[in-house]
Amino acid sequence: MIPPAFEYHRPQDVASAVQILADQGDEARCLAGGHSLIPMMKLRMAAVEHLVDLQDIAEMKGITVEGGQVRIGAMVTQHELITSDALASAAPILREAALQIADPQVRYMGTLGGNVANGDPGNDMPGLMQALDATFHLHGPDGARDVAAREFYEAAYMTAREDEEILTAITFAPHAPGYAYEKQKRKIGDYATAAAAVLIEKDGMVAGKAVVAMTNLSDVPVYSEAAGAALVGTACDAGAMKAAIDAMLNDIDPNEDNRGPVEFKRHVAGVILSRAISRAWDRA
């Protein structure tokens, strides 16, 4: 189908983009990679009077690693996450996750900011950002503010971002060598039936720190603090892994859909988490 007519804007800086959103109110929407918004417009499930394309905003691009912090502009593409040498050293879990998103054509256009900002529970990066304890940097008419990734998601497609705000960048600390992103999906390019991000930092022969986040198993990404805690102080053996899986299963709330019934999804979540823990522990 063809979308209804709309006014197209291509601002050169964040301030101009925010001003357009403030002037046009509910009739304006931002365009990043377009893989979520454009199909909705073509199906006429989203009515947009003013489309604000963010492609020309240089300050929303680039990857930097310095001072113990990683900064990624919201308009950085999934392809750039995969090919960045600096990111491969500081946070290789991002490359591992990005390689499992859709296909190369989508990854050349799809952006990190677009993936995390719209609150789609099926997207891969929101849960991963929670695992990394990332901070989202927002700009709006009242200035800039920061929101923790673990506090950003409120319900499916509902986030802490106000309508007139733009997510401009994401920051987080480099992670330890123990990492894994595991994803089960029906076919190449599909959303996950279940996915798990795991980070483990060794303290001697046991896990000194462990983080677990799950994807597409609730209406928001699930940062399972209890699952991570179950691994701390252990060698991530079978008993610790079972405790982590049990804790995670208490935190998720999947719905039945065309990817399977609830019990199947819970089973897959356990399998995926066990694989992620094993690989992260081996790498740690």
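In short, a report on the structure. All values derive from a computational prediction rather than experimental measurement. (Residues numbered from 1 in each chain as written. Predicted model: local features only at pLDDT ≥ 70, side-chain atom pairs only at ≥ 80, totals over all residues. Heavy atoms only, no water.)

### Brief notes about the overall build of the chain
- When its secondary structure is counted, the chain shows 11 helices and 14 strands.
- Dimensions along the principal axes, computed over C-alpha positions, put the chain at roughly 60 × 45 × 35 Å.
- The buried share of the chain, reckoned over its 284 residues, is 51%.
- Accessible surface, the chain: about 12800 Å² in total, of which carbon and sulfur atoms supply 49%.
- Looking at the chain, you have 24 positive and 39 negative side-chain charges, and the mean spots of the two groups are 9 Å apart. (Helix = DSSP H or I, 4+ residues; strand = E, 2+ residues; numbered from the N terminus. Buried < 20%, exposed > 50% of the residue type's maximum accessible area, 1.4 Å probe, protein only. Areas by Shrake-Rupley, 256 points an atom, 1.4 Å probe, with all protein chains shown as cover. Lys, Arg positive; Asp, Glu negative; His and termini not counted. Charge placed at Lys NZ, Arg CZ, Asp CG, Glu CD.)

### Details of the side chain of Glu-182
- Tracing the backbone through its elements, the reader meets Glu-182 in strand β11 (residues 178-185).
- Judged by relative accessible area, which is 15%, Glu-182 ranks as buried.
- Polar side-chain contacts of Glu-182 include one of 2.7 Å to the side chain of Arg-279.
- Residues contacting Glu-182, with those up to four places away along its chain left out, are Gln-100, Ala-194, Ala-195, Ala-196, Ile-272, Arg-275, Ala-276 and Arg-279. (Polar contact = N/O pair within 3.5 Å; in protein donor to acceptor, adjacent residues only side chain to side chain. Contact = heavy atoms within 4.5 Å.)

### Focus: the pairing of strand β2 (residues 28-31)
- Pairing of β2 with strand β3 (residues 50-53) involves four bridges; the strand directions are parallel. Looking at the pairing, Cys-30 lines up with Val-52 of β3.
- Crossover connection from β2 via helix α2 (residues 37-42) to parallel β3: handedness right-handed. (Pairing = 2+ DSSP bridges. Right-handed = clockwise from strand over helix to strand, strands pointing away.)

### Description of a nonpolar patch on the surface
- Among the surface-exposed residues, Met-1, Met-40, Leu-43 and Met-45 lie close enough to one another that they form a single nonpolar patch of about 450 Å² accessible area.
- Along the chain, the position of Met-1 falls in the segment before β1 (7-9).
- By relative accessible area, which is 65% here, Met-1 ends up exposed. (Patch = residues over 30% accessible without salt bridge, like charges linked within 9 Å, V, L, I, M, F, W, Y side chains within 5 Å. Salt bridge = Lys/Arg side-chain N within 4 Å of Asp/Glu carboxyl O.)

### Overview of the nonpolar core
- Core analysis: the biggest nonpolar cluster contains 56 residues, and Ile-72, Leu-94, Met-125, Met-129, Phe-136, Leu-167 and Phe-172 have the highest contact counts within it.
- Other than its neighbours up to four places away in sequence, Phe-172 contacts Gln-69, Val-70, Ile-72, Leu-87, Ala-91, Leu-94, Leu-132 and Ala-134.
- Grouped together as the second largest cluster of nonpolar side chains are 30 residues, Ala-227, Cys-236, Ala-269 and Trp-281 included. (Core = buried A, V, L, I, M, F, W, Y, C linked by side-chain atoms within 4.5 Å.)

### Topic: the sheet that holds β11
- Here we have four strands laid out as an open sheet, ordered β11-β12-β13-β14, and antiparallel in their pairing. Two strands lie at the open edges of the sheet, namely β11 and β14 (222-223), each paired on one side alone.
- With eight bridges joining them, β11 and strand β12 (residues 192-203) adopt antiparallel strand pairing. In the sheet register, Tyr-181 faces β12, and the bridge partner there is Ala-197.
- Running over the sheet, helix α11 (residues 262-283) touches β11, β12 and β13 (206-215) and is turned about 30° from β12. (Axes fitted to C-alpha atoms, helices over the stretch in contact; angles between N-to-C directions.)

### Quick look at the packing of aromatic side chains
- The full count for this structure, using the stated rule, is three aromatic pairs.
- With a centroid separation of 6.3 Å and 85° between ring planes, the pair formed by Phe-136 and Tyr-153 is classed as edge-to-face. With Phe-136 in strand β6 (residues 135-140) and Tyr-153 in strand β8 (residues 153-155), this pair connects stretches of sequence that are 17 residues apart. The exposure classification of Phe-136 matches that of Tyr-153, with both residues buried.
- Between Phe-152 and Tyr-153, the ring centres sit 5.0 Å apart and the planes meet at 85°, which makes this aromatic pair edge-to-face. No difference in accessibility class separates Phe-152 from Tyr-153, as the two residues are buried.
- Here the aromatic residues Phe-136, Phe-152 and Tyr-153 are joined through ring pairs into a cluster of three or more. (Phe/Tyr/Trp six-rings, centres within 6.5 Å; stacked < 30°, edge-to-face > 60°.)

Any functional reading would require information that these geometric values do not contain.
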